[in-house]
Each structure stands twice: as C-alpha cells, then as structure tokens.
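# Per-entry structural report
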Amino acid sequence: MILTLVLGLILNAIVLPIAAKRVLFLYRLITSGQPAPDRIEHVRERLPEAIKTQVTEVFGQKKLLKWSVPGAAHFFVFWAFLILASVYFEAYAVLISRDPEWHWFIFNSWSVLGFVQDLISVLCLISLGVFTLIRIKNAPERLGRKSRFKGSHLSGAWITLFMIFNVIWTLFLFRGAVAAHDIAEGEGNGYGKAAFVSYLLGKVLPDSTGLIGAGLLLHIGVMLVFLIFVLNSKHLHIFLAPLNVMFGRRPNALGALKPLTINGNALTMEAMEDLEEEDFEKLGVGKVEDFTWKGMLDFSTCTECGRCQSQCPAWNTEKPLSPKLLIMGLRDHAFAKAPYLLADGEEAKANVSATALAEAERPLVGETEGDAWHPTGGAVIDPDVLWSCVNCGACVEQCPVDIEHIDHIDDMRRYQVLVESNFPSELNNIFKGLERKGNPWGMDPKGRMDWAKGLDFEVKQVGVDVESLDEVDWLFWVGCAGAFEDRQKKTTQAVAELLHMADVDFAVLGDGETCTGDPARRAGNEVIFMQLAAENAEVLKETKAKKVVSTCAHCFNTLKNEYAEFGVELEVVHHTQLLNRLVRDGKLKPIAPTTATVKNKTITYHDPCFLGRHNKVYEPPRELLSVIPNTEFKEMPRNSEMSFCCGGGGARMWMEEDLGTRININRTKEAVATGADQIAVGCPFCRVMLSDGLTAQQADGKAREEVEVLDVAQMLLASVKRDDDPATEAEPSAEDEADPDSISATAAAAPAADAAESGASSDDEVETDDQADAAKHNVVEDDKGEAVDTNEVVEEPAGEDAPAVEEVPEPEAQSDTEPENEAETDDRAASEKEDAAWANVGPVNTDLQGGGSTDSEPDAQPDPEPDPSDVPGTPSADETADEPDEAEAAPAEEVTNVPDESEPVEEDARDEEAGTITPVEDVKDETVVEDAAPPTGEGAKLSEAATDLTKDDEDDKA
C-alpha cells in the first residue's frame, strides 16, 4: 500500500496543477467580458428564487426531462456524478490511510449509502447504453441536417462516454476487491451485502491487497485524466452549467430583450447625449470582447446537445442559422483569441502567436468562407446567419443550461445597424416609416381610427370623448396592424364589438398611439425604439393608463415587459385573456345553432411565439375555442411551448425570405394536415404569414378552398352573434388574399414534441406551467355545446369556471362564418387526419428520424430597395429621395395634388402582394430626405440625425 500511496501522490502532483492552470485561464477569459452588475444584483435580491432554480433546473433536470428518454438518461448520469463523489472521498481516504478497511461516519459503514452508490452506478451504465444508441440513431452521417448533432464535436462525445464507463468499472474493481478482502477476513466492515454489485464481485475476486491498490490507482487515475479532458472540452458544462443557470435572466431570457448597455449601464436617450466619441463604437457588439461576462459564460457552457438546433425554424427551413453552431462559433473564436485578449499591454499583444493575431483580426460579422453555418475562414458570423433569426425563443426555451441566444443575436444586430449601418435593405423602409409616421408602413397617423368607421356604436377616444383613462376600465391598444392592415382591422372590430357587448368600458388613443417600437428593437435599431417608447410612455403617463388590452402579441410583449424601463407600470393582457374572463363570467355567451344546415367545423390553433413561449400564455385561446359550439378542436403536433414560428418575428415580417424554404408555408402545411376548416391565430403577424401560406397552398391544390385563417376573437364573435347580422365579417374578403405567385413551398416540418399549458383562474393573468399532454385539448362538441365521446381525449372546463353556452333558435340564414358555397368536406376519421398531420411534420423529437421534404416554387423577386445608409437614426450617407418603383401605377409627380400629408415609405413586398394597404404618395418627403442631416460616417452623430429628422417631421405637419 505504500507504493500505491506514492504513485497516487505523484499522479495528483502532475495533474492537479495542470487543471488549476486551466481553471485560472477560464476565469480570466470569462471575466474579461464587459461588466454586467445586474446579474449579481438579481441573485442577491432574489436569493430564494435563485436557490429554487438550482433545485429545479440543475438538480431536478427540469428542462432535460421534457425529452423523456434522453432526459431520464442524463438525469441518472448527473446524479451518478454527485453520488459517486462520495466514493472518491472514500478512495482518497483509503489511499492516504493505507487501510482498505477505513471507515468514518457514514462512509464505508452505512449500508444505505452503499446501496445507493451501487444502484446509481448501474443506472449510469444503462444510461451510457441509451446515449450510445441515441448517438448512433441520430448520427449526422445518416440524417444530415435533421440530426441535432449536426456540427457538434462528435469525437468528444464518444470520449466522454468512454471515460464515464471507465469511472464505473474501476469503481467496481476497487470496491469488489475491498469486499473480497472483507469476506475473506470474516469482518463486518464495509457496506456488506447492501452494496450488491460490489458484494457479488467480492464473491468471485481473490483476496489481494495488490488488487485493491491497482483498483484504487486506476479509479483515481481515470478521474484525474477525465478532469483534464472535461476542462478542455464541451463537457466543461459539468462545472459551469450551475453558474450559468444561477446568473441567467429569470424566469428566462424571453419576453423583454436585454437592454443596450455600455460599461454595464443601460443606455437611455439622455445618457446617449453624454457619450464620448469612443463609446459610440460600443453600441451593441462588434467584437467578441464586447459581450458581457455572462455572454462569455454562455459560450463556455454550451453542451452542443443540439436541442436548440432541432427546434429552430430557420435551421428547419434550410437556412444557415443554427443557434447551437452560432454559440459554438463564438466560443471557439473567443478561445482562439484569448491569448490576445488576456495579454497585458500592446507590447505583449504584439508578441502573441500568429494564430492568435490572425484570430484577433477576424471581423465578428461579415463575409465568410466555406459554409455560412460553419465557416472555415473570413468572419466569425455570416450576415445571413445573423439576419435569419425570427426571435421566436425556441432555442432559449429548449436550452438545458439557460444560454441566452436571442440577446446575443440582437446585440450583434444593434452594432451592425447603429455603428456599421449594414443591414438588409428592406429594413430601410420600416425605419423611415417608424421614425416619420410612427408605424412600419409609413401610413398617415390620422387614419388610425378608420377601423372604427363601420361599427354601429361609438368607440371612445382619449382626448376626444374622455379626458383620461381614469374614466374607463381598459385602454384598448389597437396597434399598427390593427389600425392599418385590412385583415387585422377585422380583429380590431371584433374585439371592440365583444367588449361593447360585454359592457366593458374601454377607450383607445387613436392618433395619440404610435408603434411600440418592437420591429425597430428586434431589428437592432435601439435608437428608434427608445424614441417611440419614450413617446408612448409619456402619453400613457399623461392619460393615466393602468390596464391595457392588446390584440397584437408583439405589442403585448413590449408593453408588458419592456416599458418598465421607461417608468411605466401597466397591467397588460392579451385580448384572448380578457375575452376568456368575460366568457367565464357569463358576460359573453357562445350560442349553439339549432339548424341542421350548420355543419361541425374543425379548428386548430397556432401559438404566437410572443404570446406563448415569450409570455407563457397558452390556455386562454384554447379555452375560448373549446366553448364554441359545433366545433372540434385539433392540436397541431408542434404546439404550445414547442410550437413552430410563423416566420414574422424578429422584424422578418418586413424582410424577403430568399434562403431555404418559407417558414410560413412549413407551418401552414402542418395546420392544413390536421384537416382543420379554420386556423385560429392570436397575432396580426401570424395572421398575415399564415394567410399568405394558405393562399399558396390553395393555389397549388394542397389545401381546400374553404379553409380560412381567422383570429380567435372573430370566431368567438361569430358564435356570440349567431342570431344577428354581425358587423364584423368573419371570413376574409377577396382583397385580403395574397398573391400566390409570391409564396414558395417548403420542406416538411422539423421534429418536435407534443406539449401544452394548463390554464389559470379568470381573475388572474394567465401565465402557466408546462401542460402534461396537449392532446387533452382535442374536444368535440355537439349542437348543444357539450362534449361528446370520441376517440380523442376529452376535457371540458371544470367547476364553476366553465364558460356558459346558451342555446337559441337559429334563423334559416347561415352564419357569416359559413361559406356560401360549401366545398366537399373532409370526411376522414379524426385518427386519419392526425396521422396525416404527423406524416407531414415528422417524428416527435430529434432522437427519431425527421420527415422528408417537398419541392418548392421560386420566390418572387423583391423590388429594388434603397441603400441602407438612408436609414434614420443611424450614421449614414447623404439621404436622397427614393426612386419611383417601375411597378407603380403612376410616378410620384402625377399625384402632387393629392391632399395627403406626406409620402409613405415604400411598401414591403409582402404587403404589396396581399393588397392590404394602399398608401397615397406625395412628393413632399423628397425634399425632407434631401434636407436630412449630412453624413459623418461616425456613430457619434446618431442623436443629431434623429433630432434633424424629428424637425423634418414637424416641417411636414406644418
């Protein structure tokens, strides 16, 4: 045993200093990031919450267990690491004492501990087998992009599995040899039969101190080698994941976007005026060292598991963005640049290796060499990768170690927009529209009340009908789409009618409302966002707003989560939440038709990302749909927290989608495959995107003509007003349809899993935990509005909260929501429809093989766009008047006599296709553009440009 002691001490003397040096390097690199004092303060202020998060996410493996089989396997391996630390404590005690029969306290004496140690070791071995099968089944060589391991370091994963196996078998060798010695001596030391595996091995192994020493050295030696490997590989997350979870944004990095910070302080318009010249280069992230230390910690923590990649709508429609590969690329770049970053002084930086110098010279965002998703040279991040993100939050939701992908992507966008003035040209138009007219389409703000002209009651407007919002219960935030987009106007009217019918006292701001700034912020233009938010915040304070209801998921998210930065505290609800309360309280009563001519309809629901994942509102829309009589509710395979994006978030609504296949068609295919007659939405962006996708599918003969996309509020209104002639039309009119030539088909959807959420009481804002089974929403109702027995799982609203359904005689005329010429109905059985949906989407998760792809049509070419340097609120070149589009009906000079206030900016191609907005042009803005602030090429002139443009707008009004 003396030789064993000497060899053991030599091993530790060699390995531990190497490990310590690596730990010091990692600490210096991570802390070299920019300060983030709020992360530490939040832990101090919310210590109980931080502890709870550690218990649930780290020790409970909450996120990983959503993926049942691999999650359970990881759970056992994780706990094996914790529990078997006690075996290493015993091993070092035996090594130092040179006594195989050493015992102390509960160690090597308490039978319960011995049993648990052997049991978790066996479960760990089984889990290693599961991981091996998963790796083989999902090998990128077999599945290509459909594999969540595509792009990961595969060799490191196999080495890790091999090393864990070595830890387990050497443990049993050491423990079995000790058990053999105890059995031979006939002593009662050790764990005895409780350590069942060790005891059985002791029955067959010889009594040998040499064998004990060999097993001991092997067990300790394997651990030391594994330690060095872990500290230099992706499995560093074993140590860093608990820290990353602790300092993460709570409840997660969704909802509000991380504010733009400089030197650890959130930037405000007032602070921008006091910035030094060099500080303007810090607007966003332009170099890897511009990330905060939390960002550096994120990069180092990535496990390369690929869960984010498997759920990403960009990656699953053949675009180059993979959240996993983006984080890996930033990590590899930071580690390669580390010698330069950590060098002390310019002289030391000049003496670093040529490799580190070359890495230091690489631009963070720019043209790349090789595959854009895994570049072999050039910049670190390709622009196509950066601008493919839709901010849906699927990556953040799925990440088991709480990496904040969206924050990092939008920080890089901020630098590209505010400092480099380098962004997709389509965004130039929305930036102009937002700054000049307060909406992304550049429409005249005087038209914000046009949606109310067709109603048979008066809508109160603050400043006209009421002095302040103290006189009413709710502020109805209409939003830009609700005021200007023809399809969404119907939703606005429907909500207003429902609130009026329920005797809810509400008012709107009318032309006092402006865009919340969400499109600008998500596109990286923080300056315009701050201007719009400050303007709205002032109006909300002056009008004494307290409670707000919004039909737009993006407005809802921004008002609820981001306006607190501007001193506004509001109770903000989505319209489906408020309407659900009203139905529960009996103030709105869906009416069951009695005529046999009204056929049952099948409805499916698309979760808006900024309502669902970002704000955890899943149940209210489903509860509303479930009480509409004569309907069958069918979930799409990808729903709730694993819902697939429509493709309109992250300012992608206004950008052409010319890479891969279209996200909206991918999602539309899934909805159509359920056999639904109506696709319900709760967001104007989703409505536009899915309507366009449906039009393309119908044009290709892949969807029935009677299928339609409607907001939940329109469906509810149609059921409440069955005996009336609704003022709000449920069906989309002819002008609502998009041009099918502009939409291309997409491949089959990516893998996903069923999930949903459970509801809350009618008195509280609904923010719920994960739902056990989304299939519980598949409800069929008879003509009395009652659930009937089907092959589906049926669940009705329970107890006194169940919404009431009132039955009245039905006139002979059909409801507005029934098509005049009913096409042949889909008489497939529900199970056949569900099978079709699953066949279209593919397997439940990426541990199964994904679905196939289909042919796609060519995308329509976008109109020529102005140069990005024209954008207001950024350092730019001389602004010039936009050239008239050849496709326009008449040149601008022919409409100079039109009495409109100014020329709206060029429409987005998608809006032109849909024919939903028809702005009137005027040549006045051409002069405004020419008079804009002269360029300087420096970020320091941002505030001056913004001030000049504000003056231009005032000149327009004059």
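What you see is a predicted model, and the numbers here were worked out from it, not measured in a lab.

## Regarding the overall build of the chain
- Assigned secondary structure in the chain consists of 35 helices and 17 strands.
- Going through the 958 residues of the chain one by one, you find that 60% of them count as buried.
- Summarising the internal contacts of the chain: among those between residues at least 6 apart in sequence, 78% fall at separations of at least 24.

## Description of the sheet that holds strand 9 (residues 571–574)
- Spatial ordering of the open sheet is given by 5-7-6-8-9, a layout of five strands whose pairing is parallel. Two strands bound the open sheet, and with one partner strand each, they are strand 5 (460–461) and strand 9.
- Relative to strand 8 (residues 547–550), strand 6 (residues 474–477) runs parallel, the two being bridged by three bridges. Looking across to strand 8, one finds that phenylalanine 476 is bridged to valine 549.
- In this fold helix 26 (residues 553–561) packs onto strand 6, strand 8 and strand 9, with an angle of close to 160° to the strand it touches most, strand 9.
- Taken strand by strand, helix 27 (residues 575–584) contacts strand 6, strand 8 and strand 9, and its axis lies near 85° from that of strand 9.

## A look at the packing of aromatic side chains
- For the coordinates displayed, the defined rule picks out 24 aromatic pairs.
- Ring geometry for tryptophan 104 versus phenylalanine 105: centroids 5.7 Å apart, planes at 50°, classification tilted.
- With a relative accessible area of 63%, phenylalanine 105 lands in the exposed category.
- Three or more aromatic residues joined by ring pairs make a cluster, and in this case those are Phe59, Phe75, Phe76, Phe78 and Trp79.
- Lying over the aromatic face of tryptophan 315, arginine 145 brings its terminal NZ or CZ to 3.7 Å of the ring centre.
- Against the face of phenylalanine 644 rests arginine 638, its NZ or CZ located 3.9 Å from the ring centre.

## So, the UniProt feature "transmembrane region" (unreviewed entry) in the chain
- Per the UniProt record, "transmembrane region" (unreviewed entry) is annotated on residues 6–30, 72–95, 115–134, 155–174 and 210–231.
- The distance separating the terminal C-alpha atoms of residues 115–134 is 29 Å; by composition the span is 100% helix and 0% strand.
- The span residues 155–174 shows a helical share of 100% and a strand share of 0%, and its end C-alpha atoms are spaced 29 Å apart.

## Describing the nonpolar core
- Counting residues in hydrophobic clusters, the biggest one holds 169 residues, and the most contacted among them are Met412 and Trp451.
- When neighbours within four sequence positions are excluded, methionine 412 is seen to be in contact with Val285, Phe291, Leu326, Leu330, Leu364, Val365, Ile381 and Leu386.
- Grouped together as the second largest cluster of nonpolar side chains are 23 residues, Ile120, Phe131, Ile164 and Val230 included.

## Observations regarding the side chain of asparagine 391
- Tracing the backbone through its elements, the reader meets asparagine 391 in the loop between helix 18 (383–386) and helix 19 (394–398).
- Leave out the neighbours within four places in its chain, and asparagine 391 touches Ile406, Asp410, Arg413, Arg522, Phe610, His614 and Gly650.

## Observations concerning the state of the cysteines
- Taken as a whole and assessed by the stated rule, the structure comprises zero disulfides.
- For the unlinked cysteine cysteine 480, the closest cysteine sulfur is that of cysteine 515, found at 4.0 Å.
- Given the relative accessible area of 7%, cysteine 480 is considered buried.
- Lacking any disulfide linkage, cysteine 646 is separated from the closest cysteine sulfur, that of cysteine 686, by 3.8 Å.
- Judged by relative accessible area, which is 4%, cysteine 646 ranks as buried.

## Things to note about the pairing of strand 8
- Pairing geometry for strand 8 and strand 9, over four bridges, is parallel. In the strand pairing of strand 9, valine 549 is matched with valine 573.
- Taken together, strand 8, helix 26 and strand 9 constitute a β-α-β crossover, and its handedness is right-handed.

## Observations concerning the environment of valine 230
- Position of valine 230 among the secondary structure elements: in helix 10 (residues 209–231).
- The spatial distance from the C-alpha of valine 230 to the C-alpha of threonine 160 is 8.2 Å, given a sequence separation of 70 residues.
- The contact partners of valine 230, leaving out residues within four places of it in the chain, are His235, Leu236, Ile238 and Phe239.

## Section: the packing of helix 8 (residues 154–185) against helix 9 (residues 196–204)
- Taken N-terminus to C-terminus, the directions of helix 8 and helix 9 make an angle of 60°; their axes are 7 Å apart at the nearest point. In terms of their interaxial angle, helix 8 and helix 9 are classed as oblique. In this structure, helix 8 meets helix 9 at a crossing whose hand is right-handed. Along its contact with helix 8, which presents Phe172, Arg175, Gly176, Ala179, Ala180 and Ile183, the element helix 9 presents Val197, Ser198, Tyr199, Leu201, Gly202 and Lys203.
- Considered class by class, the residues forming the contact of helix 8 with helix 9 number seven nonpolar, three polar and two charged.

## Let's talk about the sheet that holds strand 11 (residues 601–605)
- In spatial order, the strands read 12-11-13-14; together these four strands make up an open sheet with parallel pairing. Two strands lie at the open edges of the sheet, namely strand 12 (631–633) and strand 14 (708–711), each paired on one side alone. With direction set aside, neighbouring strand axes in the sheet form an average angle of 35°.
- With respect to the sheet, helix 30 (residues 684–699) is in contact with strand 13 (678–681) and strand 14, its orientation differing from that of strand 14 by roughly 170°.

## Focus: helix 15 (residues 323–342)
- An ideal rise of 1.5 Å per residue puts 28 Å on 20 residues; helix 15 measures up with 27 Å between its terminal C-alpha atoms.
- Largest kink in helix 15: about 45°, centred on alanine 336, with the proline proline 339 one to four residues after it.
- Helix 15 sits mainly inside the fold: 14 of its 20 residues count as buried.

## Here's the deal with the environment of glycine 264
- Residue placement: glycine 264 occurs in the loop between strand 1 (261–262) and strand 2 (265–266).
- A relative accessible area of 15% places glycine 264 in the buried class.
- Distance from glycine 264 to glutamine 34, taken between C-alpha atoms, is 6.7 Å for residues 230 residues apart in sequence.
- The contacts of glycine 264, once residues within four sequence positions are left out, are Pro35 and Pro37.

## With respect to the pattern of salt bridges
- Applying the stated criterion across every chain, the model contains 45 salt bridges.
- The salt bridge involving aspartate 332 is made with arginine 331; its shortest N-O contact spans 3.3 Å.
- Residue aspartate 332 is classed as partly exposed on the basis of its relative accessible area of 37%.
- A residue is classified by how much of its surface remains accessible, and arginine 331, at 8% relative accessible area, is buried.
- Overlapping salt bridges bring together Lys258, Asp411, Arg414, Asp518, Arg521, Arg522, Glu526, Glu562 and Glu565 as one network.

## Observations concerning a nonpolar patch on the surface
- Taken together, the side chains of Ile2, Leu3, Val6, Leu7, Ile10, Ile14 and Ile18 define a hydrophobic patch exposed on the protein surface, amounting to about 660 Å² of accessible area.
- Tracing the chain through its elements places isoleucine 10 in helix 1 (residues 2–31).
- Judged by its relative accessible area of 45%, isoleucine 10 falls in the partly exposed class.

## Details of unusual backbone geometry
- Residue proline 251 is bonded to the preceding arginine 250 through a cis peptide linkage, with omega at 0°.
- Tracing the backbone through its elements, the reader meets proline 251 in the loop between helix 11 (237–246) and strand 1.

## Topic: the packing of helix 29 (residues 663–673) against helix 30
- Where helix 29 meets helix 30, the axes come as close as 8 Å, and the angle between the chain directions of the two elements is 70°. It follows from the interaxial angle that helix 29 and helix 30 lie roughly perpendicular. Between helix 29 and helix 30, the contacting residues are Asn664, Ile665, Arg667, Thr668, Lys669 and Val672 on the first element and Met689, Leu690, Asp692, Gly693, Leu694, Ala696 and Gln697 on the second.
- In terms of residue class, the contact of helix 29 with helix 30 is built from six nonpolar, four polar and three charged.

Conventions and cut-offs
Residues numbered from 1 in each chain as written. Predicted model: local features only at pLDDT ≥ 70, side-chain atom pairs only at ≥ 80, totals over all residues. Heavy atoms only, no water. Helix = DSSP H or I, 4+ residues; strand = E, 2+ residues; numbered from the N terminus. Buried < 20%, exposed > 50% of the residue type's maximum accessible area, 1.4 Å probe, protein only. Contact = heavy atoms within 4.5 Å. Pairing = 2+ DSSP bridges. Axes fitted to C-alpha atoms, helices over the stretch in contact; angles between N-to-C directions. Phe/Tyr/Trp six-rings, centres within 6.5 Å; stacked < 30°, edge-to-face > 60°. Lys NZ or Arg CZ within 6 Å of the ring centre and 35° of its normal. UniProt positions renumbered as here; feature names shortened; annotations may be inferred. Core = buried A, V, L, I, M, F, W, Y, C linked by side-chain atoms within 4.5 Å. Disulfide = S-S within 2.5 Å. Right-handed = clockwise from strand over helix to strand, strands pointing away. Parallel < 35°, antiparallel > 145°, perpendicular 65-115°, else oblique. Left-handed = near helix turned anticlockwise from the far one by under 90°. Nonpolar A, V, L, I, M, F, W, Y, C, P; charged D, E, K, R; others polar. Expected span 1.5 Å × (residues − 1). Bend = angle between axes of the 7 residues up to and from the residue. Salt bridge = Lys/Arg side-chain N within 4 Å of Asp/Glu carboxyl O. Patch = residues over 30% accessible without salt bridge, like charges linked within 9 Å, V, L, I, M, F, W, Y side chains within 5 Å. Areas by Shrake-Rupley, 256 points an atom, 1.4 Å probe, with all protein chains shown as cover.

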